[in-house]
Amino acid sequence: PVATTWPRSLFRGSGGAGYGLFKTPRERKILMDIRKLAVEETAFVHLHDASDELLYEPAADGTPDQAKAVGVTVYGPGTKIYARAKAAQQTRMLARMRSKGKVTLTAEETAEEDAVFLADCTKSFHYIERDGLEGEALFKAVFADKTIGFIGEQVAAKLGNWANFTKGSPKT
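Definitions and limits used
Residues numbered from 1 in each chain as written. Predicted model: local features only at pLDDT ≥ 70, side-chain atom pairs only at ≥ 80, totals over all residues. Heavy atoms only, no water. Helix = DSSP H or I, 4+ residues; strand = E, 2+ residues; numbered from the N terminus. Buried < 20%, exposed > 50% of the residue type's maximum accessible area, 1.4 Å probe, protein only. Contact = heavy atoms within 4.5 Å. Areas by Shrake-Rupley, 256 points an atom, 1.4 Å probe, with all protein chains shown as cover. Polar contact = N/O pair within 3.5 Å; in protein donor to acceptor, adjacent residues only side chain to side chain. Arc of directions from axis to C-beta. Core = buried A, V, L, I, M, F, W, Y, C linked by side-chain atoms within 4.5 Å. Pairing = 2+ DSSP bridges. Axes fitted to C-alpha atoms, helices over the stretch in contact; angles between N-to-C directions. Salt bridge = Lys/Arg side-chain N within 4 Å of Asp/Glu carboxyl O.

(A) Expanded view of the overall build of the protein chain. In terms of regular secondary structure, the protein chain is built from four helices and five strands. Its helices and strands in sequence order give the protein chain the pattern β-β-β-β-α-α-β-α-α, from N to C terminus. A total of 172 residues make up the protein chain; the buried ones form 27% of that total. The contacts of the protein chain with a sequence gap of at least 6 include a subset with a gap of at least 24, amounting to 57%. By element, 56% of the accessible surface of the protein chain is carried by carbon and sulfur atoms, the whole surface being about 12,000 Å².

See below:
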């Protein structure tokens, strides 16, 4: 005959001689506190120029001031701000699909959407200026400018990687 139930020794506290599928209550293991793996809310992205050189604010003599790294602080994928930005991006995409009846975006629409998403995920710029703009307007202007598109690409690459937000993560 075929057994229709699992043997009692396979379950915790069953008093069976073997370990079975589950550990018996007599065995205590020290477990890791999973919260130790939590990531930081923000990360600093030290920007490179188009020739992959790190950017620094120039000192009075025109040489790079190593203490003034040019970069962007972004909110990470574990934050509510990032989640809201992602949700807003998806909402815009759905609205565009409903209103225009198309799924694909033009290159210009894609660039605009990427710039808005990156701006929504940005906390601050460091040593970056453009036309007297500040805050959200500055973020969007920089990320939308195709002539400095390497900036948005760097930020998007760092933003999409959870490892850049770990507590021991070096400046990126």
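Now that the structure has been shown, we can carry on.
(B) Summary view of the side chain of H46. Its location among the elements puts H46 in strand β1 (residues 42-46). With relative accessibility at 10%, the residue H46 sits in the buried group. A polar contact of 2.9 Å, which involves the side chain of H46, links it to the backbone oxygen of L55.

(C) Local environment of helix α4 (residues 149-159). Listing the buried residues of α4 in full gives I151, G152, Q154, V155 and L159. Down the axis of α4, the sector holding all buried residues measures 160°, keeping them to one side. In this structure, α4 carries E153 and A157 as exposed residues pointing more than 90 degrees from its buried face. As for α4, its buried residues are in contact with β1, β4 (71-75), α1 (80-100), α2 (107-120) and α3 (135-144).

(D) Focus on the nonpolar core. With 23 residues, the main nonpolar core has L47, V72, F125, F143 and L159 as its most contacted residues. Broken down by secondary-structure element, the contributors of at least two residues to this core are β1, β4, α1, α2, α3 and α4. Those residues within four positions of F143 in sequence are excluded, and the remaining contacts are V72, A115, L118, A119, T122, F125, I151, G152 and V155.

(E) Spatial organisation of the sheet that holds β1. Pairing is antiparallel in the open sheet, where three strands are placed in the order β1-β4-β5. Two strands close off the open sheet at either side, each with one partner strand: β1 and β5 (122-126). Across this sheet, the average inter-strand angle for adjacent strands is 20°, counted without regard to direction. In this sheet, β4 lies alongside β1 in antiparallel orientation, the contact comprising five bridges. Bridge pairing in β4 places V45 opposite V72. Each of β4 and β5 touches α3; the most contacted strand, β5, lies at about 75° to it.

(F) Region of the structure containing the side chain of Q154. In this fold, Q154 is placed in helix α4. According to the relative accessible area criterion, Q154 is buried, its value standing at 17%. Ignoring anything within four residues of it in the chain, the contact list for Q154 reads V45, H46, L47 and H48.

(G) Broad picture of the pattern of salt bridges. Tallied over the full model, the rule gives five salt bridges. Taken together, the shared-partner salt bridges in this structure form one network comprising R92, R96 and E113.

(H) Quick look at the environment of A38. Along the chain, A38 falls in the segment before β1. Each C-alpha atom of the pair A38 and K167 lies 7.7 Å from the other, and the pair is 129 residues apart in sequence.

(I) Looking closely at unusual backbone geometry. One non-glycine residue, Y127, lies in the positive phi region at around 60°. Mapped onto the secondary structure, Y127 falls in the loop between β5 and α3. In this structure Y127 comes out as partly exposed when scored by relative accessible area, which is 43%.

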